[in-house]
Amino acid sequence: MSKYYRSNLLLCSIIGGFLFIVGCQKPPTAALEGAQAALDSAAAAGAVRYALEPYRQAEATLKTGWMELARQNGRLGPFKNYKMADSLLSLAKLQAGDAKRLARTRINDLATRAESERKALFDELLGWREALNGSLVLYKAENYWSAAELGLNICENLLAQKEYDAAIEAVADARQSLKQVGAVLAEEINNQAQMLVQWRNWVQETVSNSRSNGSYALIVDKSAHRAYLIKGGKVTRTYDCELGYNSARQKLFQGDGATPEGKYHVTKARPYGSKYHKALLIDYPNAMDRRRFAENKAKGIISRRAGIGKNIEIHGDGGRNKDWTEGCVALTNEDMKHLMRFVGVGTPVTIVRRCDKWP
Amino acid sequence: MSKRLSVIVLAAFVLITLAGCSKPPEMEMQAANAAFDAARTAEAEQYVADSYRAAMDSLNAANAMKQEQDAKFALFRSYGKSKALFVKAEAMAKQVGIDAAAEKERVKAQVTELMAQVRTALDAAKTAIDKAPKGKGSKADIEMFKNDHAAAEAGYTDAMNDFNAGKYLVAKSKLEAVNEKAKKIEEDIALATAKKTGKK
């Protein structure tokens, strides 16, 4: 074998060996499949909705890696190099994993937040329910409360559907309604504060007159749901009483369910033949009521067609543990029987929403 | 000698030209991409997520095959397989678009049906309130039912807005809550009426 031939053979062996080694590079199909599976898993975990940006990034990297792999596939064996494709596909897998984790974290956070908001709303609703005392203090406030309660139900349905964003939104809407409940009640409290001075005066005058005349008088405290029989300026008997179903406000018109507030007197006693055991009719509407009624009509606070109402009585058939009358004061039949022994036509009856200062 | 060389060069040129005539499947690729755009517009990713992902993989495979052929020496390029894959991806994307639209329509129809049921329940509750026995002691309850009904009506309107905005699942959840409320009103009134009748 000539020297020339031997050196050529050696060279060919080296080149052949090199080509064999380089040509042995295999396409990273496992990396491609791994990245695809990771992306599918991220999509299934909700990444498309809750981690869209990293998900799209992983998707784009996978595509780039896949194209690079294909490009290398197209090259001649010795020139194939899958390193870049492998790196890109590995990166895509990592990114898909990150997207999945982020989606899960966000879903967990949202679910936790939505559940805690639901719980808080539930507690708030209960709190307001107690504040409203189940007695329809104010229809307007009740209206807002109903809307908030529906909001809670909607939130619960949305949570069951895993629609966390919408559930949180529903709670926010319900909270707005509860704010309105608070605003309505705050306004009511403000009005009451202004009226308190007047109620104190009425009670003071009634008690003073009773003291100076040694006569009987009846004072009804609506918030306490109590009626006080006074003689000579002193309380001789206290009765539990029930009021109009819309008791916590001044009577404005016929059918509003409110018990009137003012200084009245008994105009007629019905020991027999009353629809509600026994009854004492009072002089509602008095002059002050008529004036207020006319003013409210002029201001447009009440309808022009509204009537002022009449036949406000202190009557029996009470003891139902709720405010149920159209505006009358209801006592139990036993208390009514007792009261009728001391109260008759002309006896002063003073009705206040509340009074914290007895003379 | 010179003549023979010319013949060889000419033959090689013709061969290369013929071999190089294998054109990339641009039209098929564009058609597949357009079908994908349409599927995305039909919210396929939301309504038929798995099918969408499978179709997307198919499109990527077609693109990869094309890329592989692009990288080859012109003489050896063959786009036949890539073309077939693009055609398959296009068909899959079209089907995904159709399926997504159908699924969306199915959910929409379901919510539409529920909406009609809720409307009926609300109207029935209103009728029940109007017909509820009135008298001392019941007026407060009636006012409470009216408030509940007003809240339910507001919830219904809210759900309608979600429906019109294409948020069918959210609308469905809201309508279910409104439905429960409307039915509760009717049941409570029926119960109260029965109690009252029983008393008499």
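Up top is the structure these notes are about.
Calculation notes
- Residues numbered from 1 in each chain as written.
- Chains lettered and ligands numbered in written order.
- Predicted model: local features only at pLDDT ≥ 70, side-chain atom pairs only at ≥ 80, totals over all residues.
- Helix = DSSP H or I, 4+ residues; strand = E, 2+ residues; numbered from the N terminus.
- Contact = placed C-beta atoms within 7 Å.
- Nonpolar A, V, L, I, M, F, W, Y, C, P; charged D, E, K, R; others polar.
- Buried ≥ 20, exposed ≤ 12 C-beta atoms within 10 Å, placed from the backbone.
- Pairing = 2+ DSSP bridges.
- Core = buried A, V, L, I, M, F, W, Y, C linked by C-beta atoms within 7 Å.

A.B. asks: Talk me through the overall build of chain A; I want residue IDs and the actual numbers.
C.D. replies: For chain A, the count of helices and strands is 9 helices and 8 strands. Look at the contacts in chain A between residues 6 or more apart in sequence, and 67% of them connect residues 24 or more apart.

A.B. asks: Give me the lowdown on the interface of chain B and chain A, citing residues and values where you can.
C.D. replies: Taken residue by residue, the interface counts 35 residues in chain B and 32 residues in chain A. Elements with a minimum of two residues in the side of chain B that touches chain A: α4 (49–71), α6 (139–164) and α7 (168–199) of chain B. Residue contributions to the side of chain B that touches chain A peak at 12 residues, all from α4 of chain B. Across the side of chain B that touches chain A, the residue classes break down as 13 nonpolar, 8 polar and 14 charged.

A.B. asks: Explain the environment of Q25 of chain A residue by residue, including any values.
C.D. replies: Residues and elements named next belong to chain A. One can find Q25 in the loop between α1 (3–23) and α2 (29–44). Overall, Q25 belongs to the partly exposed group, with 16 C-beta atoms counted inside 10 Å. With 53 residues separating them in the primary sequence, Q25 and P78 have C-alpha atoms 8.9 Å apart. Leaving out residues up to four positions away in the same chain, Q25 has contacts with K80, N81 and Y82.

A.B. asks: Describe the pairing of strand β1 (residues 216–221) of chain A, and please don't skip the residues or the numbers.
C.D. replies: Side-chain direction in a regular strand flips from residue to residue, so the side chains alternate between the two faces of the sheet. All names here are of chain A. Of all 6 residues that make up β1, 5 are buried, and the element is covered over most of its length. One ladder, built from 6 bridges, connects β1 with strand β2 (residues 226–231); its direction is antiparallel. If you follow V220 over to β2, its bridge partner there is A227. Counted along the chain from β1 to the antiparallel partner β2, the turn is 4 residues long, and its residue H225 has a positive phi close to 55°. By the bridge criterion, 4 bridges tie β1 to strand β8 (residues 348–352) in an arrangement that is parallel. By the bridge assignment, L218 is partnered in β8 with V349.

A.B. asks: Any chance you could break down the sheet that holds strand β7 (residues 329–330) of chain A for me, citing the residues and the numbers?
C.D. replies: Residues and elements named next belong to chain A. Strand order in this open sheet of 8 strands is β3-β2-β1-β8-β4-β5-β6-β7, and the pairing throughout is mixed. Strands at the two margins of the open sheet, each flanked by one partner only, are β3 (234–240) and β7. One ladder, built from 5 bridges, connects strand β4 (residues 262–274) with strand β5 (residues 277–282); its direction is antiparallel. Counterpart to R270 in the pairing with β5 is A279.

A.B. asks: With reference to specific residues and values, describe the nonpolar core.
C.D. replies: Counting residues in each nonpolar core, the largest one holds 49 residues, and the members touching the most others are A42 and A47 of chain A. Going through the elements one at a time, α2, α3 (47–50), α4 (52–74) and α5 (83–132) of chain A together with α2 (26–41), α4 and α5 (80–131) of chain B are the ones with two or more residues in this core. Beyond its immediate stretch of four places on either side in the chain, A47 of chain A contacts A42, Y55, A99, K100 and A103 of chain A.

Such coordinate-based values are descriptive only and should not be taken to indicate function.
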